[in-house]
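Listed below, chain by chain, are the residues.
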Amino acid sequence: MSRTHQLGELQLAIMRILWARAEASVAQVHQALESERGLALTTIATMLSKMEKKGIVGHRSEGRLFVYYPEISEEDVHRSMVSELTERLFEGRASLLVSHLLAQGEIDPLELAEIRRLIAAHARKESKR
């Protein structure tokens with residue numbers, strides 16, 4: 001059974017940086033988030049330390065500098081968080097989730113066309129099984 005990964009907003013922002021860069025120091029993460037978040041360097045360092053204790057990130061040392069890297073994949077986090085959302089809000093039914101998105105008008109025409117293409121490709125794949 002795979003572990004669930006429910007990340008908070010700041011944790012997810014940090015992970016996006018680590019996924020994009022493969023690894024980063026506290027200062028590099030801080031610099032990437034500074035303009036949008038305005039958090040202190042110590043806040044980022046504390047969060048990374050907590051995330052490491054949870055097994056979300058790891059680190060290696062370069063002298064006195066800690067360089068952090070992701071221990072979990074972006075795909076695993078997406079799967080876990082979407083699954084949790086679908087279970088909690090939509091009775092585990094993906095069709096209710098999609099229906100909600102469509103009813104709220106949150107999907108632009110280009111995205112809708114891409115979704116149709118993905119559904120068709122998935123249907124073709126399933127029919128070959």
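Residues numbered from 1 in each chain as written. Predicted model: local features only at pLDDT ≥ 70, side-chain atom pairs only at ≥ 80, totals over all residues. Heavy atoms only, no water.

Novice: Can you help me understand the overall build of the protein chain in this one?
Specialist: On a plain count of helices and strands, the protein chain comes out with 6 helices and 3 strands. Along the protein chain, from the amino end to the carboxyl end, the secondary structure elements read α-β-α-α-β-β-α-α-α. Here the protein chain has a C-alpha radius of gyration of 19 Å; the compact-globule value for 129 residues is 14 Å, and the former is much larger. Dimensions of the protein chain, computed from the C-alpha atoms along their principal axes, are close to 55 × 35 × 25 Å. Considering only intrachain contacts with a sequence separation of at least 6, the fraction spanning at least 24 residues in the protein chain is 47%. Here the protein chain carries 18 positive and 18 negative side-chain charges, and the mean point of each set is 3 Å from the other. (Helix = DSSP H or I, 4+ residues; strand = E, 2+ residues; numbered from the N terminus. Rg over C-alpha atoms; globule rule 2.2 N^0.38 Å. Contact = heavy atoms within 4.5 Å. Lys, Arg positive; Asp, Glu negative; His and termini not counted. Charge placed at Lys NZ, Arg CZ, Asp CG, Glu CD.)

Novice: What is the right way to read the sheet that holds strand β1 (residues 24-25) from this model?
Specialist: The strands making up a sheet are joined through hydrogen bonds of the backbone, oriented either antiparallel or parallel. Read across the open sheet, the 3 strands follow the order β1-β3-β2; overall the sheet is antiparallel. Looking at the sheet topology across the chains shown, the edges are occupied by β1 and β2 (57-62). Relative to strand β3 (residues 65-70), β2 runs antiparallel, the two being bridged by 6 bridges. Bridging across to β3, Ser61 finds its partner in Phe66. Helix α1 (residues 9-21) rests against β1, β2 and β3 of the sheet, and its axis sits at about 90° to β3. (Pairing = 2+ DSSP bridges. Axes fitted to C-alpha atoms, helices over the stretch in contact; angles between N-to-C directions.)

Novice: Mind showing me how you'd approach unusual backbone geometry here?
Specialist: Backbone geometry follows two general trends: most residues other than glycine have a negative phi, and most peptide bonds adopt the trans configuration. With a phi close to 80°, Ala22 is a non-glycine residue in the positive phi region. On the secondary structure map, Ala22 appears in the loop between α1 and β1. Positive phi values are uncommon outside glycine, yet Glu91 reaches one of about 55°. Tracing the sequence through the fold places Glu91 in the loop between α4 (74-90) and α5 (94-103).

Novice: What is the right way to look at the pattern of salt bridges in this model?
Specialist: Between side chains of opposite charge, pairing is possible as soon as their charged atoms come close. Counted under the stated rule, the structure contains 8 salt bridges. When the shortest N-O distance is used, the salt bridge between Glu9 and Arg37 registers 3.5 Å. Of this pair, Glu9 sits in helix α1 while Arg37 is found in helix α2 (residues 26-37), placing the two residues 28 residues apart along the sequence. Note that Glu84 and Arg88 form a salt bridge whose closest N and O atoms lie 3.6 Å from each other. One end of the pair is Glu84 and the other is Arg88, both in helix α4 and 4 residues apart, which spans about a single turn. According to the relative accessible area criterion, Arg88 is exposed, its value standing at 66%. Residues joined by salt bridges that share partners form a network here, namely Glu9, Glu36 and Arg37. (Salt bridge = Lys/Arg side-chain N within 4 Å of Asp/Glu carboxyl O. Buried < 20%, exposed > 50% of the residue type's maximum accessible area, 1.4 Å probe, protein only.)

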